[in-house]
Amino acid sequence: MADAPDNETLNETSTPKTYLASVVCQVIRTRDLRDKGQIQLRWSANGRFFPPYLVPVDKLETCIADVRLAIQDIVTSLENAPEMLKSPGEIIDGVSLNTLIIELAKAGKSLYDRLLPKEDATQREIEKWLKMLAAEDRVDTVEIQIDDECADDLTKPLPTIPWNLLFDDKLIKPAELLARLNSGAVDDWGFFWGAKFDLSCGKNVNPFKADSPIDLETVTLVVMMDETILANLHQDTNTKVEFEDLLQRIDALRDPDSPAGKIVHLMHDMASLESFIEERNQTPDVLYWLSHAKPDSLFLEFLDGREGEEVTVDRLASTFAAAENPKRLVAFLNGCQTAEASIKGSFLNAFRKFDFCDGLIATERETLDVFAHRFGMEFLESFFIRQLPLGRILHNLRRSSLPLGLLYGTYCPPNIRIVRKSDMKAVKRSAPYRIAPELGASLRKLSAAALTTARETRLANATVKPPAPPQPWPDK
């Protein structure tokens, strides 16, 4: 592969056709910028930088709220009428899925325009450069790096931007998109950034740490499952067998007599996690958590009649902080709105304070428990069994589970992966994880509100056909 161009500002005239860009956008907030109500964005690729520019926070927050409401409308409509996925152009209860896609696209375009305004030549040049790279399949990864100097308890949290939902209508106008979707001739979800790019977001970390692997010989995985959700899912025998089989295959990756012990630790309450950390004086490498949630709390329910347990941001963070010898930590918080913030805090901002925490995988809005479980099992299969880089996994899963896949954001470095011993035999892949349609009656939103109000849905096995993956640019 050719080296990056030598000129200071990347542009279409200097970029060789063999060049693949690792695009970076730094989101910067200094105390001075905080007092002015602004953040600074600085785009670069492979060590070459554009000049930075400023974005007003108040207008940005309005666009963020609008795009999250638009994706929420899709979730709610699919919850009430899951058949929309199979007939996206059909009007059901006064609306079609394709119409909701257009509303999401419009909100995503407003957010795109707010982050990439056209107020000066630099901003216009950045947009032109990004579109050129995307149009010619030259984007390797897009990484959003957060550099917040004001991450303290007295400062309003930095807005969490749902980069997955950015939409650029320069490629296609909403009216044309609706016509193409209704015709069934093309699936244009790929114009959303979450489907288009291997996209991740997280704090700015040492590049050696970001790219360093997780050792298979010492890795530990904590799987925290809400008992009531798991019981509902396991009403289907195949689902239960596949779940247990996946955990067994992950454990089989390492010799059971290894000094590090077993890989997988299945838990259902915080006491178990706190004991695990206290006994080892270490955090796990990977935490996978499936439960109801809201932006500042996770909720666990039990089958034995015990009162449900609320796990706040502060409690979870302090549990990990108690470990004197923390390991690297990637946490997948698979509940509703875990990427959002409230006045009580957010999981993203709390975990960014820890040097040992590489970041989170979190949701931009409410999701549905059967879909979330299937998505999470596919993630664990890809990360541990196939041992793919984390960013590529989330990109593939978003594309293969549209539209709900766009809810999942990668808030950590994209190149984190498990490293297999060189002499380890290949692990046989299972069939893709699927959940039977008969499970429809058990589906609920993974939100805090769903603890008291649960609506039925049959979203088990339906997916929208993803756009064809981009072809690599051939060397010439």
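Everything below is about the structure shown above.
Our subject in this report is the structure included herewith. (Residues numbered from 1 in each chain as written. Predicted model: local features only at pLDDT ≥ 70, side-chain atom pairs only at ≥ 80, totals over all residues. Heavy atoms only, no water.)

1. Some words on the overall build of the chain
Our working rule: Numbering of helices and strands starts at the N terminus; helices are DSSP runs of H or I of at least 4 residues and strands are runs of E of at least 2. A 1.4 Å probe rolled over the protein chains alone gives each residue an accessible area, and that area as a share of the maximum for its type sets the label: buried under 20%, exposed over 50%, partly exposed in between. Working rule for contacts: check all heavy atoms of both residues, and any pair within 4.5 Å makes them a contact. For accessible areas, the Shrake-Rupley method is used with a probe of radius 1.4 Å. Any residue's cover is judged against the shown protein chains and nothing else.
Helices and strands together make up the secondary structure of the chain, namely 14 helices and 17 strands. Out of the 476 residues in the chain, the part that is buried amounts to 57%. Counting contacts in the chain only where the partners sit at least 6 residues apart, residues at least 24 apart contribute 77% of the total. Summed over its atoms, the accessible surface of the chain is roughly 19900 Å², and 50% of this surface lies on carbon and sulfur atoms.

2. So, the sheet that holds strand 13 (residues 309–312)
Put simply, the test is: For two strands to count as paired, DSSP must find a minimum of two bridges between them. Working convention: axes come from line fits to C-alpha atoms, limited for helices to the stretch in contact. Angles between N-to-C directions cover 0 to 180 degrees.
Sheet architecture is open: 3 strands sit in the order 11-12-13, paired in antiparallel fashion. Every interior strand has two partners, whereas the edge strands, strand 11 (292–294) and strand 13, have only one. Neighbouring strand axes in the sheet, compared pairwise and without regard to direction, differ in orientation by 20° on average. The pairing of strand 12 (residues 297–300) with strand 13 spans 4 bridges and is antiparallel. By the bridge assignment, F299 is partnered in strand 13 with E310.

3. So, the sheet that holds strand 14 (residues 329–334)
What the 6 strands build is an open sheet, ordered 9-8-10-14-15-16; its pairing is mixed. The open sheet has two edge strands with one neighbour each: strand 9 (264–267) and strand 16 (408–411). Each strand axis lies, on average, 10° off the axis of its neighbour in the sheet, ignoring direction. With 4 bridges joining them, strand 15 (residues 357–363) and strand 16 adopt antiparallel strand pairing.

4. A closer look at the packing of aromatic side chains
Defined as follows: Any two of the Phe, Tyr and Trp rings considered here, Trp counted by its six-membered ring, make a pair once their centres fall within 6.5 Å; the pair's planes then place it as stacked at under 30 degrees, edge-to-face at over 60, or tilted in between. Two conditions define a charge sitting above a ring: the NZ of Lys or the CZ of Arg must be within 6 Å of the ring centre, and it must be within 35 degrees of the ring normal.
The full count for this structure, using the stated rule, is 16 aromatic pairs. Ring centres of F167 and F192 lie 4.9 Å apart, and the angle between their planes is 55°; on these two criteria the pair is classed as tilted. With F167 in the loop between strand 5 (139–148) and helix 5 (174–183) and F192 in the loop between helix 5 and helix 6 (193–196), this pair connects stretches of sequence that are 25 residues apart. Ring centres of F332 and Y408 lie 5.9 Å apart, and the angle between their planes is 80°; on these two criteria the pair is classed as edge-to-face. Separated by 76 residues along the polypeptide, F332 in strand 14 and Y408 in strand 16 bring together distant segments of the chain. Judged by relative accessible area, which is 1%, F332 ranks as buried. The rings of Y288, F332, F371, F375, F379, F383, F384 and Y408 are connected pair by pair, giving a single aromatic cluster. The ring of F302 is capped by R306, whose NZ or CZ atom sits 3.9 Å from the centre of that ring.

5. Observations concerning the pattern of salt bridges
Here is the rule we go by: Whenever Lys or Arg places a side-chain nitrogen within 4 Å of a carboxyl oxygen from Asp or Glu, that contact is recorded as a salt bridge.
This model, assessed by the stated rule, comprises 19 salt bridges. As a salt-bridge pair, K240 and E244 come within 2.7 Å of each other at their nearest N and O atoms. On the criterion of helical spacing, the pair formed by K240 and E244 is a turn pair, its members being 4 residues apart in helix 9 (residues 237–251). For K240, a relative accessible area of 33% gives the class partly exposed. Take E244: its relative accessible area is 33%, and that puts it in the partly exposed class. Among the ionic pairs, E381 bridges to R249, the shortest N-O distance being 2.8 Å. Placement of E381 in helix 13 (residues 369–385) and of R249 in helix 9 is noted, with a sequence separation of 132 residues between them. Given a relative accessible area of 5%, E381 falls into the buried group.

6. Description of the pairing of strand 14
With 6 of 6 residues buried, strand 14 is to be regarded as a mostly interior element. Judged by which residues are buried, strand 14 turns out to be covered on both faces: L329, A331 and L333 on one side and V330, F332 and N334 on the other are all buried. The sheet contact formed by strand 10 (residues 286–290) and strand 14 spans 5 bridges and is parallel. Within strand 14, the residue paired with L290 across the bridge is N334. Pairing analysis gives 4 bridges linking strand 14 to strand 15, with the strands arranged parallel. Looking at strand 15, one finds that F332 is bridged to I361.

7. Description of the nonpolar core
This is how the line gets drawn: Residue types Ala, Val, Leu, Ile, Met, Phe, Trp, Tyr and Cys, when buried and joined through side-chain atoms within 4.5 Å, form a set referred to as a nonpolar core.
With 137 residues, the main nonpolar core has W43, W163, W289 and F384 as its most contacted residues. With near-sequence residues (within four places) excluded, W289 lies in contact with M224, M270, L273, L298, L300, V311, L316, F332, L333 and N334.

8. So, the packing of helix 2 (residues 57–80) against helix 3 (residues 97–115)
Our working rule: In what follows, roughly perpendicular refers to angles from 65 to 115 degrees, roughly parallel to angles under 35, roughly antiparallel to angles over 145, and oblique to any angle outside these ranges. The hand of a helix crossing depends on one turn: near helix anticlockwise from the far one by less than a right angle means left-handed, and clockwise means right-handed. Note on residue categories: nonpolar means Ala, Val, Leu, Ile, Met, Phe, Trp, Tyr, Cys or Pro, charged means Asp, Glu, Lys or Arg, and polar means any other residue, Gly included.
Where helix 2 meets helix 3, the axes come as close as 9 Å, and the angle between the chain directions of the two elements is 165°. Relative to helix 3, the element helix 2 lies roughly antiparallel. Crossing hand, helix 2 versus helix 3: left-handed. Where helix 2 approaches helix 3, its residues K59, L60, C63, I64, D66, V67, A70, I71, D73, I74, S77 and L78 are matched on the opposing element by L97, L100, I101, E103, L104, A107, G108, S110, L111, R114 and L115. Residues belonging to the contact of helix 2 with helix 3 are distributed by class as follows: 15 nonpolar, 3 polar and 5 charged.

9. Things to note about helix 13
Note the following rule: Multiplying 1.5 Å by the helix residue count minus one yields the expected span of that helix.
If you check helix 13, its first and last C-alpha atoms are 23 Å apart, about what 17 residues at 1.5 Å a residue would give, namely 24 Å. For helix 13, the tally of buried residues reaches 17 of 17 residues, placing the bulk of the element in the interior. Positive backbone phi, at 55°, marks Q387, one or two positions downstream of helix 13.

10. What about the packing of helix 9 against helix 13?
Relative to each other, helix 9 and helix 13 sit at 25°, their axes nearing to 10 Å. Here helix 9 lies roughly parallel to helix 13, going by the angle between them. The crossing of helix 9 and helix 13 is left-handed. Contacts between helix 9 and helix 13 involve T239, F243, L246, R249 and I250 on the former and, on the latter, H373, M377, L380, E381, F384 and I385. Counted by class, the contact of helix 9 with helix 13 contains 7 nonpolar, 2 polar and 2 charged residues.

11. A word on unusual backbone geometry
Note: most residues except glycine have negative phi, and most peptide bonds are trans. Residue L402 is joined to P403 through a cis peptide bond whose omega torsion reads 5°. With respect to the element layout, P403 can be found in the loop between helix 14 (390–400) and strand 16. With a phi close to 50°, N46 is a non-glycine residue in the positive phi region. Following the sequence through the fold, N46 ends up in the loop between strand 2 (38–45) and strand 3 (48–49).

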